[in-house]
Amino acid sequence: PPPPQFAKTIYWITLTDPDPAAAAHLLSHPSVQHLPKHSMLSVEGDASGVTGVTVKPRGGVPAVLAVEGAFLYVAGAKPITDFLKGDAVEFDEGGGVVVDAEMATNVPGVYAIGDIRNTPFKQVVVAASDGCIAAMAIDKYLKGRKSFKVDWIHDLPEGETEAAAV
């Protein structure tokens, strides 16, 4: 494997033992240290940024690893919706908030975007798109309009057509 470009040590923290065949390439890098059966409890930091992560081995004692960055990825994680418990917001079988095409929930005036919808596409661009859709829908809702007010419709002089070049 090539030498590390950005970090001397990379801690790979997993709750379970990964499939050995799938993990072999990653674990072949000498800079990767695998901590199986560990939970990440917190990310520590100060004004300079991330200073460490607190991890806990299953059945063990928490410890702080000194690091300068943390990249969190939780595959298949259930959306965090505890703050909605007891509300009338509808959830799907995977724990995500159910929304329509305008990101509106079943409760008038309540909208949901991003990973809380439990979409399979956990990407910031998806959440940003959801946010744009919801913002326009919220504007429509608050102003009592039946349709969206857009600002990009251009009236062309009679007889002229738009052309696009690729």
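Let us look at the structure shown here. Worth saying up front: this structure is predicted, and the values here are computed from it rather than measured.

### Notes on the packing of aromatic side chains
Inference 1: A complete count under the given rule lists one aromatic pair for this structure.
Inference 2: The interplanar angle of 70 degrees and the centroid separation of 6.4 Å between the aromatic rings of Tyr111 and Tyr141 together place this pair among those described as edge-to-face. Taken as a pair, Tyr111 in the loop between β5 (63–66) and α2 (124–142) and Tyr141 in helix α2 lie far apart in primary sequence, 30 residues in all.

### Considering a nonpolar patch on the surface
Inference 1: Side chains of Met40, Val43 and Leu72 sit close together on the surface and give an oily, nonpolar patch of about 260 Å² of accessible area.
Inference 2: Among the structural elements, Val43 can be located in strand β3 (residues 38–46).

### Concerning the pairing of strand β1 (residues 10–13)
Inference 1: Pairing of β1 with strand β2 (residues 32–35), which is carried by four bridges, proceeds in the parallel orientation. Its bridge partner being in β2, Tyr11 is matched across the sheet by Gln33.
Inference 2: Remark: the β1/helix α1 (residues 20–27)/β2 crossover connection has right-handed handedness.

### Some thoughts on the pattern of salt bridges
Inference 1: Under the counting rule described, the total for this entry stands at five salt bridges.
Inference 2: Among the salt bridges present, the one from Asp17 reaches Lys37, with a minimum N-O distance of 3.4 Å. Here Lys37 lies in the loop between β2 and β3 and Asp17 lies in the loop between β1 and α1, a separation of 20 residues in the sequence.
Inference 3: Between Lys140 and Glu102 there is a salt bridge, with its nearest N and O atoms 2.9 Å apart. Highlighted residues: Lys140 in helix α2 and Glu102 in the loop between β5 and α2, separated in sequence by 38 residues.
Inference 4: Judged by its relative accessible area of 24%, Glu102 is partly exposed.
Inference 5: Each of Asp139, Lys143 and Arg145 takes part in a single network of salt bridges with overlapping partners.

Basis of the calculations
- Residues numbered from 1 in each chain as written.
- Predicted model: local features only at pLDDT ≥ 70, side-chain atom pairs only at ≥ 80, totals over all residues.
- Heavy atoms only, no water.
- Phe/Tyr/Trp six-rings, centres within 6.5 Å; stacked < 30°, edge-to-face > 60°.
- Helix = DSSP H or I, 4+ residues; strand = E, 2+ residues; numbered from the N terminus.
- Patch = residues over 30% accessible without salt bridge, like charges linked within 9 Å, V, L, I, M, F, W, Y side chains within 5 Å.
- Areas by Shrake-Rupley, 256 points an atom, 1.4 Å probe, with all protein chains shown as cover.
- Salt bridge = Lys/Arg side-chain N within 4 Å of Asp/Glu carboxyl O.
- Pairing = 2+ DSSP bridges.
- Right-handed = clockwise from strand over helix to strand, strands pointing away.
- Buried < 20%, exposed > 50% of the residue type's maximum accessible area, 1.4 Å probe, protein only.

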